[in-house]
Amino acid sequence: MRSEGGYAGNVTSQEAFTELSGDETSVLVDVRTQAEWAFVGLPDLRPIGKEPMLVEWQSFPPSGPNPEFGAAVSDLLAKKGLDRSAPIYFLCRSGARSQAAAIALTQAGYTNCFNISDGFEGPLDADGHRGTRSGWKADGLPWTQS
């Protein structure tokens, strides 16, 4: 079933982690920037024998979508021996860039592209901070910071 946006649909970070844990063909693509990976942290999939694929949707400062995004993800999936039906979970800070990435890869012929709608840090809380209300970090899922 397709969502209104033309991709497989939205999932929470907890739902994505459960699927990543249970399906060896599933992958996580973190579409945030290099700066976010370095300074905010990364999902740690080592406990489930995986690692996230890191492909920027757009660089910092923003200059529009990365024109090599689809090719880069395709290459990484091919190196893992995965085809266009592999479940792909896209993650960004709060669900916007990852949704755009899920739509783009679906349009490129991938059939199971999911957006992690609460992202790595989730929405802003009452104090204007992320990472406290929902998202990968707030849900207590494994992550690491360099």
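Before going into details, it helps to say that this report is about the structure given with it. (Residues numbered from 1 in each chain as written. Predicted model: local features only at pLDDT ≥ 70, side-chain atom pairs only at ≥ 80, totals over all residues. Heavy atoms only, no water.)

Once that is clear, we can look at the overall build of the chain. For the chain, the count of helices and strands is four helices and seven strands. Going from the N terminus to the C terminus, the chain shows its helices and strands as β-α-β-α-β-β-α-β-α-β-β. Taking 146 residues into account, the globule formula puts the C-alpha radius of gyration at 15 Å, and the chain, at 14 Å, falls close to it. Summarising its shape, the C-alpha atoms of the chain cover approximately 40 × 35 × 30 Å along the three principal directions. Looking at the chain residue by residue over its 146 residues, the buried ones come to 44%. Once local pairs closer than 6 in sequence are excluded, the contacts in the chain between residues at least 24 apart make up 65%. Of the roughly 7400 Å² of accessible surface on the chain, 51% is carried by carbon and sulfur atoms. Charge centroids of the chain, computed over 12 positive and 18 negative side chains, lie 3 Å from each other. (Helix = DSSP H or I, 4+ residues; strand = E, 2+ residues; numbered from the N terminus. Rg over C-alpha atoms; globule rule 2.2 N^0.38 Å. Buried < 20%, exposed > 50% of the residue type's maximum accessible area, 1.4 Å probe, protein only. Contact = heavy atoms within 4.5 Å. Areas by Shrake-Rupley, 256 points an atom, 1.4 Å probe, with all protein chains shown as cover. Lys, Arg positive; Asp, Glu negative; His and termini not counted. Charge placed at Lys NZ, Arg CZ, Asp CG, Glu CD.)

Read from one edge to the other, the open sheet built from five strands follows the order E1-E6-E5-E2-E4, with strand pairing classed as parallel. Edge positions in the open sheet fall to strand E1 (9-11) and strand E4 (53-54), since each of these has one partner strand only. Where E1 lies against strand E6 (residues 113-116), three bridges are found, and the strand directions are parallel. Residue pairing in the sheet places Val11 in a bridge with Ile116 of E6. Running at roughly 175° to E6, helix H4 (residues 96-107) makes contact with strand E5 (88-91) and E6 of the sheet. (Pairing = 2+ DSSP bridges. Axes fitted to C-alpha atoms, helices over the stretch in contact; angles between N-to-C directions.)

For the rest of this paragraph, the subject is the side chain of Arg32. Within the fold, Arg32 resides in the loop between strand E2 (27-30) and helix H2 (34-39). Given the relative accessible area of 0%, Arg32 is considered buried. Here the side chain of Arg32 touches Asp30 through a polar contact of 2.7 Å, side chain to side chain. A distance of 2.7 Å separates a polar atom in the side chain of Arg32 from the backbone oxygen of Gly41. The contacts of Arg32, once residues within four sequence positions are left out, are Trp37, Val40, Gly41, Leu42, Pro43, Glu56, Leu91, Cys92, Arg93, Arg97 and Phe120. (Polar contact = N/O pair within 3.5 Å; in protein donor to acceptor, adjacent residues only side chain to side chain.)

Moving on to the nonpolar core. Soluble globular proteins tend to pack their nonpolar side chains together in the buried interior. Grouped together as the largest cluster of nonpolar side chains are 20 residues, with contacts concentrated most on Val29, Val31, Phe69, Leu77, Ile88 and Phe90. Going through the elements one at a time, E2, helix H3 (69-79), E5 and H4 are the ones with two or more residues in this core. Setting aside chain neighbours within four positions, we find Val31 in contact with Val55, Glu56, Trp57, Phe69, Phe90, Leu91, Cys92, Arg97, Ser98 and Ala101. Judged by nonpolar contacts, the second largest core, of 15 residues, contains Val40, Tyr89, Phe120 and Leu141. (Core = buried A, V, L, I, M, F, W, Y, C linked by side-chain atoms within 4.5 Å.)

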